[in-house]
Amino acid sequence: MMNANATDSTSKGMQARRRARVFRSQGARRGGFLATALSAAALAASCMPYSPPPSVPIEMLSTGDAVVVVWMEHGRSVSGLAKGSGDTAIALLNAQGKPTVSYLDDSSVDPLLWTENGLSFGVNNENFLTTEKGTRRTPRPGFRTTEDKRYALPDGRIAVLGGAKYTGNQVDTIELDGSTTSVKTAETSGDVGQCGSRILAITDTQESESIKGSAREAYAAQSGSQTDMPEELAAVVQLNDAVGDEPRVLAVAPMIEGLKSGQFMFACEGDVITMPSVLQDDPVAARNFGVDATTGPMVLQRWDLSTGQRTVIPAFDENGNEITLSKDLTIFGYQAVQVGDEYRFISRRGHAFTVNLRSGQARHLFTIPTETASHRTLFQVTETGVYVLEDRYREHLVTISYRPWDGGDLREVITTGQLEKYLRTNAGGILSSGQEREIENFALRPGWDGGAQ
């Protein structure tokens, strides 16, 4: 027979178990309500309008103590549920990696050019010049073409190369007061560069049919014969000096099938221009698969604009062997600097060379791997070496490294995590509404060579 104390103890235990069951049931309901609320909040956040991190108005952006500028492409939605932003961001970094950022209400990505007069860039129908005093914005007249490259002219003006197939080329010249004058020419394909105040293209009558008539006239006058005329001609034309709607022809020579380069810059010595090129082994296959897929020896195209003559110089290494280019050793899309008789450049795929402009003696200096990077590796060059920008998105860092032309290891000179919120705002969460940007290009302050110091 159970005593009173035992009965009381059993009753209390049953009551405690009932209270626990009720508590667990209520807790489960509260947990379910909480999970539902969090999911709803996350979903609502993913649909909220994009709100960029803090920045300064573009008019207040100044060069200050900045040594590097980076251009970040418009944001894309990480979750896919929210709409991507339609703006781009420009950031000026000091030597410690601290950024000053401004947003531009435009999704285009144009080249940057930093000269002694300031930082020049443009979007849509506006040009900008950033100096120590702030940023000047001026309208771009007429229809905006795709912008390919900006060149600093000797008198301080800026030449802006743009254009599109079938619509023609356009070179805008930004005057010192910010106003713009334009020269439009018929569509002309080819490799483009600058020599003094002239913006030039190396092309041929096969890819630029608009110059066929004037090129044939120039070749007949140069050769003294109207009958001994090659079927196709190569030519150097001036894009910022037109004859009617055609670029002015400055030099002509018989076209060499498969002589290609794929650049927006070349060496200039007075009236002589020189461009590293490839003499494709199979030009027909190259046309089908693009310049990156071609194989052939490296050569120098050397044009004397004072005489109209072209010379093709084979490039060879220290042992006298020709340098063979392929998809594994490229010169396409290089960044280059001229130092005396030497031309030093690194291709878009990270292959660095030096070549003597007169003799053709060349060296493959080193390769900086780019193939494994999820974000494109970018290069800029100075007389002393190569600067490399990498977006290490897994580490939430952007690094700028330096490697000298004449040897030595790649070493970091600027490392910053402060661009992360501009590149990937609120990215990575459940149903995140974050935006992801990519660094499209960068430029160095003139005279700054921090890696060499």
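### Quick look at the overall build of the protein
A count of helical and extended segments in the protein gives four helices and 33 strands. Scored against the burial criterion, the 453 residues of the protein give a buried share of 47%. When contacts within the protein are restricted to residue pairs at least 6 apart in sequence, those whose partners lie at least 24 apart make up 53%. Accessible surface for the protein amounts to roughly 21,800 Å². Of this, 51% is attributable to carbon and sulfur atoms.

### Looking at the sheet that holds strand β8 (residues 134-139)
The four strands are arranged β5-β6-β7-β8 in an open sheet whose pairing can be described as antiparallel. Two strands lie at the open edges of the sheet, namely β5 (113-115) and β8, each paired on one side alone. The mean angle between the axes of side-by-side strands here comes to 20 degrees, regardless of whether they run parallel or antiparallel. Across three bridges, β5 lies against strand β6 (residues 118-123) in antiparallel orientation. Bridged to threonine 115 within β6 is glycine 118.

### A few points about the pairing of strand β27 (residues 378-381)
Bridging between β27 and strand β28 (residues 385-392) involves four bridges; their strand directions are antiparallel. Each residue of the ladder has a partner; that of valine 381, found in β28, is valine 386. In this structure, the hairpin formed by β27 and β28 is closed by a connection of three residues.

### Quick look at unusual backbone geometry
Here histidine 396, not a glycine, exhibits a phi torsion of approximately 60 degrees, which is positive. Here histidine 396 shows up in the loop between β28 and β29 (397-404). Using a relative accessible area of 46% as the deciding quantity, one classes histidine 396 as partly exposed.

### Quick word on the sheet that holds strand β15 (residues 233-243)
Within the open sheet, the four strands sit side by side as β13-β14-β15-β16. Their pairing is antiparallel. A strand with exactly one partner marks an edge of an open sheet, and here the two such strands are β13 (191-195) and β16 (246-254). Here the strands of the sheet are splayed against their neighbours by 30 degrees on average, with no regard to which way each runs. Taken together, the five bridges between β13 and strand β14 (residues 198-204) define a ladder with antiparallel strand orientation. Counterpart to glutamine 194 in the pairing with β14 is isoleucine 199.

### Looking at the state of the cysteines
Here, disulfide denotes a covalent bond that connects the sulfur atoms of two cysteines. Here the structure, examined in full by the defined rule, presents one disulfide. A disulfide bridge connects cysteine 195 with cysteine 268, and the sulfur atoms are separated by 2.1 Å. Residues cysteine 195 and cysteine 268 are joined by a disulfide whose S-S torsion is about 60 degrees; by sign, that bridge is right-handed. With cysteine 195 in strand β13 and cysteine 268 in strand β18 (residues 267-269), the pair connects residues that are 73 residues apart, well separated along the chain. Cysteine 195 gets classed as buried once you look at its relative accessible area, which sits at 3%.

### Things to note about the packing of aromatic side chains
Inspection of every chain in the model, using the stated rule, returns 10 aromatic pairs. When the centroid spacing of 6.1 Å and the interplanar angle of 45 degrees are considered together, the rings of tyrosine 343 and phenylalanine 345 count as tilted. For tyrosine 343, a relative accessible area of 2% translates into the label buried. Judged by its relative accessible area of 0%, phenylalanine 345 is buried. Between tyrosine 387 and tyrosine 402 the ring centres are 4.9 Å apart and the planes differ by 55 degrees, which places this aromatic pair in the tilted class. With tyrosine 387 in strand β28 and tyrosine 402 in strand β29, this pair connects stretches of sequence that are 15 residues apart. Under the relative-accessibility criterion, tyrosine 402 is labelled buried at 3%. Taken together, the aromatic side chains of Tyr334, Tyr343, Phe345 and Phe353 make up a single cluster linked through ring pairs. Between the NZ or CZ atom of arginine 403 and the centre of the ring of phenylalanine 366, over which it lies, the distance is 4.2 Å.

### Topic: the nonpolar core
Counting 31 residues, the largest nonpolar core has Met298, Trp303, Tyr343 and Phe345 as the members making the most contacts within it. Discounting residues that sit within four places of it in the chain, methionine 298 has contacts with Ser277, Pro314, Ala315, Ile323, Leu325, Ile331, Phe345, Phe353 and Ala362. One finds Leu378, Leu419, Ile439 and Trp448 within the second-largest nonpolar core, a separate group that totals 23 residues.

### Comments concerning the pairing of strand β33 (residues 439-444)
Burial analysis of β33 places six of its six residues in the buried class, which makes it a mostly covered element. Across five bridges, strand β1 (residues 68-72) lies against β33 in antiparallel orientation. Of the residues in β33, the one forming a bridge with valine 70 is phenylalanine 442.

### Here's the deal with the pattern of salt bridges
With the rule as written, the count across this model stands at 22 salt bridges. Residues arginine 392 and glutamate 390 are paired through a salt bridge, measuring 3.7 Å at the closest nitrogen-oxygen approach. The exposure class of glutamate 390 is partly exposed, given its relative accessible area of 22%. A salt bridge links aspartate 391 to arginine 424; the shortest N-O distance between them is 3.1 Å. With aspartate 391 in strand β28 and arginine 424 in strand β31 (residues 424-425), this pair connects stretches of sequence that are 33 residues apart. By relative accessible area, aspartate 391 is classed as buried at 10%. Assessed through its relative accessible area of 9%, arginine 424 is described here as buried. One salt-bridge network, in which partners are shared between bridges, spans Glu269, Arg302, Asp341 and Arg358.

Thresholds applied
- Residues numbered from 1 in each chain as written.
- Predicted model: local features only at pLDDT ≥ 70, side-chain atom pairs only at ≥ 80, totals over all residues.
- Heavy atoms only, no water.
- Helix = DSSP H or I, 4+ residues; strand = E, 2+ residues; numbered from the N terminus.
- Buried < 20%, exposed > 50% of the residue type's maximum accessible area, 1.4 Å probe, protein only.
- Contact = heavy atoms within 4.5 Å.
- Areas by Shrake-Rupley, 256 points an atom, 1.4 Å probe, with all protein chains shown as cover.
- Pairing = 2+ DSSP bridges.
- Axes fitted to C-alpha atoms, helices over the stretch in contact; angles between N-to-C directions.
- Disulfide = S-S within 2.5 Å.
- Phe/Tyr/Trp six-rings, centres within 6.5 Å; stacked < 30°, edge-to-face > 60°.
- Lys NZ or Arg CZ within 6 Å of the ring centre and 35° of its normal.
- Core = buried A, V, L, I, M, F, W, Y, C linked by side-chain atoms within 4.5 Å.
- Salt bridge = Lys/Arg side-chain N within 4 Å of Asp/Glu carboxyl O.

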